[in-house]
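# Structural overview for review
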Amino acid sequence: MTRGQLIVLLFLTFGLLVTATSVVYSKYASRKNFVALQLLRAERDAMEVDWGRLQLEQSTWATHARVEKMARKKLNMHIPTAEEVVVVKP
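## Describing the overall build of the protein
Each helix and strand in the protein was counted, giving 2 helices and 0 strands. Computed over C-alpha atoms, the radius of gyration of the protein comes to 36 Å, more than 25% over the 12 Å expected from 2.2 N^0.38 for 90 residues, which places it beyond the range of a compact globule. Taken over the C-alpha atoms alone, the protein extends approximately 115 × 35 × 15 Å along its principal axes. Going through the 90 residues of the protein one by one, you find that 1% of them count as buried. Entry remark: accessible area of the protein is about 8,900 Å², with carbon and sulfur atoms responsible for 68%. Here the protein holds 13 positive side-chain charges and 8 negative ones, and the gap between their average locations is 14 Å.

Written as structure tokens, this is what we have:
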């Protein structure tokens, strides 16, 4: 084997080692990112469940009957009689 062939063989061996190491690192990074993605998806799903629960709670607290009940009870409000209504004209 000549000196030139030996240099080419060493260069190709080095290239093969670098490529193999890069493939292993790339696969590791891919798996790591996939795990992170799965965790983020689980967190998103949990937040969507919380959002739905909050929307349901808001709709419960904002029903017309409940608002009217609280207005009557806490603010002593009532529907005005005809004598209490004042019409303001421009």
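## Some points on a nonpolar patch on the surface
Together, Met1, Leu6, Leu9 and Leu10 make up an exposed nonpolar region whose accessible area comes to about 450 Å². By the secondary structure assignment, Leu6 is in helix H1 (residues 3-61).

## Things to note about the pattern of salt bridges
Overall, the coordinates contain 3 salt bridges when judged by the stated rule. Among the salt bridges present, the one from Asp50 reaches Arg53, with a minimum N-O distance of 2.4 Å. Pair noted here: Asp50 and Arg53 are both in helix H1, with a separation of 3 residues, about one helical turn. A residue is classified by how much of its surface remains accessible, and Asp50, at 37% relative accessible area, is partly exposed.

## Regarding the environment of Trp61
Along the chain, Trp61 falls in helix H1. Classification of Trp61 by relative accessible area gives partly exposed; the value is 46%. In this structure Trp61 touches Arg66 and Val67, once residues within four positions along its chain are discounted.

## A few points about the environment of Ala46
Looking at where Ala46 falls in the secondary structure, it is placed in helix H1. Exposure remark for Ala46: the relative accessible area of 41% places this residue in the partly exposed category. The spatial distance from the C-alpha of Ala46 to the C-alpha of Glu84 is 51 Å, given a sequence separation of 38 residues.

## Quick notes on unusual backbone geometry
Of note, Asn76 is a non-glycine position whose phi angle comes to about 55°, a positive value. Among the structural elements, Asn76 can be located in the segment after helix H2 (64-74).

Basis of the calculations
Residues numbered from 1 in each chain as written. Predicted model: local features only at pLDDT ≥ 70, side-chain atom pairs only at ≥ 80, totals over all residues. Heavy atoms only, no water. Helix = DSSP H or I, 4+ residues; strand = E, 2+ residues; numbered from the N terminus. Rg over C-alpha atoms; globule rule 2.2 N^0.38 Å. Buried < 20%, exposed > 50% of the residue type's maximum accessible area, 1.4 Å probe, protein only. Areas by Shrake-Rupley, 256 points an atom, 1.4 Å probe, with all protein chains shown as cover. Lys, Arg positive; Asp, Glu negative; His and termini not counted. Charge placed at Lys NZ, Arg CZ, Asp CG, Glu CD. Patch = residues over 30% accessible without salt bridge, like charges linked within 9 Å, V, L, I, M, F, W, Y side chains within 5 Å. Salt bridge = Lys/Arg side-chain N within 4 Å of Asp/Glu carboxyl O. Contact = heavy atoms within 4.5 Å.

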